[in-house]
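Chains, contacts and geometry: an overview
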Amino acid sequence: PLAARIVALADVYDALTSERCYKRAWSHDEARAYIVERSRTQFDPDVIEAFLDRERDFLRVHAAFSGVLALDSDDLPELVRGLITLGAA
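Report on the accompanying structure. Everything numeric here is computed off the predicted structure, so don't read it as measured data. (Residues numbered from 1 in each chain as written. Predicted model: local features only at pLDDT ≥ 70, side-chain atom pairs only at ≥ 80, totals over all residues. Heavy atoms only, no water.)

**Some thoughts on the overall build of the protein chain**
The condition that has to hold: Numbered from the N terminus, helices here are DSSP runs of H or I no shorter than four residues, and strands are runs of E no shorter than two. Residues are treated as being in contact if the distance between any of their heavy atoms lies within 4.5 Å. Throughout, the Shrake-Rupley method with a 1.4 Å probe supplies accessible areas, and for residues the shown protein chains are the sole cover considered.
Looking only at helices and strands, the protein chain has five helices and zero strands in total. The contacts of the protein chain with a sequence gap of at least 6 include a subset with a gap of at least 24, amounting to 29%. Approximately 6100 Å² of the protein chain is accessible, and the part contributed by carbon and sulfur atoms is 57%.

**Let's talk about the pattern of salt bridges**
How we decide: When a carboxyl oxygen of Asp or Glu is within 4 Å of a side-chain nitrogen of Lys or Arg, the pair counts as a salt bridge.
Scanning all chains against the criterion turns up six salt bridges. Notably, a salt bridge pairs Arg-5 with Asp-44, separated by 2.3 Å at the nearest N-O pair. Linking Arg-5 in helix α1 (residues 2–17) with Asp-44 in the loop between α2 (28–37) and α3 (45–53), this pair joins segments that are 39 residues apart in sequence. For the salt bridge of Glu-37 with Arg-38, the shortest nitrogen-to-oxygen distance reads 3.1 Å. Each of Arg-54, Asp-57 and Arg-60 takes part in one network of salt bridges that share partners.

Here you go:
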């Protein structure tokens, strides 16, 4: 299903760009290259195209959840602010 293909890409992006006790966080550019490299083998090309169209949103959400950007920042899309609020509750 499309939802599963979207979540698969988002999950990998999050895993790559988040620091873990056993690995450093990858930069957005490193994660982007990894994802684009796997078009048609691991990720749906249409989902990758949508990811590339919304890259700024991925950066903003990552910054918000990593504490770099204030959670109530006006430059976050309304939907993302709602998700952050739900996650904080």
